[in-house]
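# Structural overview for review
Spelled out from the first residue to the last, the chains are:
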Amino acid sequence: MSERPTEKPEFGPTRRGFLRASVAGGALVATGGAAFAQTPDPLITEVQPWARVFGDGIDATPYGMPIRFETDVIRRNVPWLTADVTSSINFTPIHALDGTITPAGCGFERHHSGAIELAKEDYRLMINGLVETPLVFTYADLERFPRESRVHFLECAANSGMEWAGAQLNGSQFTHGMVHNMEYTGIPLRLLLEEAGVKPEGKWILVEGADASSNGRSIPMEKALDDCLVAFKANGEALRKEHGYPVRLVVPGWEGNMWVKWLRRIEVGDMPWETREETSKYTDTMADGSARKWTWIMDAKSVVTSPSPQMPIKSGPGPVVITGLAWSGRGTITRVDVSMDGGKTWHEARLQPHSHDKALHRFYFDHVWDGSEMLLQSRATDSTGYVQPTKNALRAIRGLNSVYHNNGIQTWWVKSDGEAENVEVS
Ligand code: MTE
Ligand code: CO
């Protein structure tokens, strides 16, 4: 019997050293220099426990949840903001997400009187007021109307509102996380209004929810007939309870408060209703005491989501992917610039293609970091040519009394140890 040399892996210093050198050399080009261990790595050389057994059967996850290693990618709240459970706000973990679609399970929530449970069988939508035929639709009625699917961001007008007076909350989740971006499926509101027949004097609609707060808002007829959707699906599945199951209004590009959840009534009228939600709330008091009102559209805004206070640079100097989100209620984002010196010099970031109108856009800036401190900022330009302002430029016009519509440029101070902090540059 002839002796054949066995094909055992060999870890002699010479051969292994050569392999490592060539792998590392290749990797250096692609990643800019990953570290390779000099000793054999059992994760490469040994058969691992998970490769020796059967994994879970398909019955284990009839509706899948994220793997347990990702359980910190969750909505979080700021304790001092949420005094009680019926007046709640939490924040999307934008620092830990990538791409543009927000998974429904971590899309922020804002409700004024809690999230209600409303079954499809109990659902009714009424259209009344200045219409030829007042109508009531069941959920099944709505399913028979032609529908569309569109991706849109929803941003609460109060997003970044806590930052008016200065840098406060340490993390993009808290400063900018009252935003989410989903693919909505619904009926153009125009079709339902046409079904009822809007009288010529009908210039406004009042939209109300079925929850105790009702969250009534007036919307000009022009917008109602333009691109609003009466939506029942988000990201392909039924709306989550907290996002308005079974039906919510989608008002693309306009402040989140108008996106009425658990939508129950649409009244057509000839003037706005001046509800609580559009007078004492969602109106800004200017420095001279006058009120800035009917500020529906969310202006262009952006934020670096990583690195950021919750996403420090752990790998030390070398390549770092700077990434973030940008959006505009007036259209698309045409350009995002990134600054590493607090706005003195700017570099154009890579915007991901195939972005949608009035939807989140993703940008990347691939940077080789030398380990020195950065004052990291992003600045969005939208399809109208509008450029995101600095916070100080906003304050010069709007004063410090505001809560809503803070779309100023955010600064993260990235220190040489990679940790980041919310700061402002003057
Ligand atoms: N609709 C009803 N019926 N009740 C509410 O409390 N909150 C509004 C709006 N629609 C609200 C509502 C506010 S202020 C915002 S920002 C969005 O819903 C939040 O939507 P989300 O919880 O799906 O993120
Ligand atoms: Co809101």
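All of the points below concern the structure found in this document. (Residues numbered from 1 in each chain as written. Chains lettered and ligands numbered in written order. Predicted model: local features only at pLDDT ≥ 70, side-chain atom pairs only at ≥ 80, totals over all residues. Heavy atoms only, no water.)

## Points about the sheet that holds strand S18 (residues 347-348)
Formally: Strands are treated as partners if at least two bridges between them are detected by DSSP. In this text, helices come from DSSP runs of H or I with a minimum length of four residues, and strands from runs of E with a minimum of two, each type numbered from the N-terminal end.
In space, the 5 strands of this open sheet follow the order S18-S17-S21-S22-S23, with antiparallel pairing throughout. Of all strands in the sheet, those with a lone pairing partner are S18 and strand S23 (420-423), marking the two edges. Bridge count for strand S17 (residues 333-339) against S18 is 2 bridges, and the pairing is antiparallel. Along S18, the bridge assignment pairs Asp 337 with Glu 348.

## Here we look at the site of ligand 1
Just so we agree on the cut-off: Nearness is judged by heavy atoms alone; a residue qualifies as near a molecule or strand once a single heavy atom is within 4 Å of it. Throughout this description, a polar contact denotes any pair of N or O atoms lying within 3.5 Å of each other; where both atoms belong to protein, one of them has to be capable of donating a hydrogen while the other can accept it, and for residues adjacent in sequence the pair is counted only when both atoms sit in side chains. Here, Shrake-Rupley sampling with a 1.4 Å probe gives the accessible areas, and only protein chains in the shown set may cover a residue.
In the region of ligand 1, 22 residues are neighbours, and Phe 108, His 112, Asp 211, Arg 248 and Lys 261 sit closest. In the model, an oxygen atom of ligand 1 is placed 2.8 Å from a nitrogen or oxygen of the His 180 side chain. Within the side chain of Asp 211, a nitrogen or oxygen atom sits 2.8 Å from a nitrogen atom of ligand 1. Here ligand 1, which alone exposes 530 Å², has 100% of that area covered by the protein.

## A short note on the pattern of salt bridges
The following threshold applies: Here, a salt bridge means any Lys or Arg side-chain nitrogen found within 4 Å of an Asp or Glu carboxyl oxygen. Only protein chains enter the calculation, and the probe is 1.4 Å; a residue is then buried if its accessible area is under 20% of its type maximum, exposed if over 50%, and partly exposed in between.
Inspection of the entire model under this criterion finds 26 salt bridges. Across the pair Glu 242 and Arg 75 runs a salt bridge, and its minimum N-O distance is 2.8 Å. Taken as a pair, Glu 242 in the loop between strand S10 (237-238) and strand S11 (248-250) and Arg 75 in the loop between helix H2 (42-45) and strand S1 (88-89) lie far apart in primary sequence, 167 residues in all. In this structure, Arg 217 and Glu 278 form a salt bridge, with 3.3 Å as the shortest nitrogen-oxygen distance. Taken together, the residues Arg 217 in strand S8 (residues 217-220) and Glu 278 in the loop between strand S12 (263-269) and strand S13 (284-285) connect sequence positions 61 residues apart. Note on accessibility: Arg 217 and Glu 278 belong to one class, buried. What you see here is one network of salt bridges that share partners, running through Glu 208, Arg 264, Arg 265 and Glu 267.

## Considering the pairing of S12
The buried fraction of S12 is high, at 6 of 7 residues. Bridge count between strand S3 (residues 124-129) and S12: 4 bridges; the pairing is parallel. Each residue of the ladder has a partner; that of Asn 128, found in S12, is Glu 267. With 6 bridges joining them, strand S7 (residues 204-209) and S12 adopt antiparallel strand pairing. Within S12, the residue paired with Glu 208 across the bridge is Arg 265.

## A few points about helix H5 (residues 189-196)
Buried within H5 we find Leu 189, Leu 191, Leu 192, Leu 193 and Ala 196. Count one or two residues on from H5 and you reach Gly 197, which has phi positive near 80°.

## Comments concerning the pairing of strand S15 (residues 301-306)
The buried fraction of S15 is high, at 6 of 6 residues. Relative to strand S16 (residues 318-327), S15 is paired through 5 bridges, and the arrangement is antiparallel. Paired with Ser 302 across the two strands is Ala 326, which belongs to S16.

## Points about the nonpolar core
Quick reminder of the rule: To qualify as a nonpolar core, a set must consist of buried Ala, Val, Leu, Ile, Met, Phe, Trp, Tyr and Cys residues joined through side-chain atoms within 4.5 Å. Two residues qualify as a contact provided that any one of their heavy atoms is within 4.5 Å of a heavy atom in the partner residue.
Counting 58 residues, the largest nonpolar core has Ile 205 and Leu 263 as its most contacted members. With residues up to four places along the chain from it excluded, the contact list for Leu 263 reads Tyr 123, Arg 124, Leu 125, Val 207, Glu 208, Gly 209, Val 230, Val 247, Arg 248 and Leu 249. Within the second largest apolar cluster, 28 residues are counted, among which are Val 303, Leu 325, Trp 327 and Met 340.

## Regarding the packing of aromatic side chains
This is how it is decided: Whether two aromatic rings pair depends on their centres lying within 6.5 Å, for rings of Phe, Tyr and Trp, where Trp uses its six-membered ring; planes under 30 degrees apart make the pair stacked, over 60 edge-to-face, and the rest tilted. The rule is short: NZ of Lys or CZ of Arg within 6 Å of the ring centre and within 35 degrees of the ring normal puts a charge over the ring.
What the rule picks out here adds up to 10 aromatic pairs. Both rings, one in Phe 137 and one in Phe 145, keep their centres 5.7 Å apart while their planes meet at 75°; by these two values the pair is edge-to-face. The burial state of Phe 137 is the same as that of Phe 145; both residues are buried. Seen in terms of ring centroids, Tyr 282 and Tyr 404 are 4.7 Å apart; in terms of plane orientation they differ by 25°. Their pairing is stacked. Here Tyr 404 lies in the loop between helix H7 (391-398) and strand S22 (411-414) and Tyr 282 lies in the loop between S12 and S13, a separation of 122 residues in the sequence. By relative accessible area, Tyr 282 is classed as buried at 6%. Taken together through their ring pairs, the aromatic side chains of Trp 204, Trp 254, Trp 294 and Trp 296 make up a single cluster. Positioned over the ring face of Trp 346 is Arg 379, at 4.2 Å from the centre of the ring. The ring of Trp 413 has Lys 415 sitting right over it, with the charged end atom 4.6 Å from the ring centre.

Shape is all these values report; function is a separate question.
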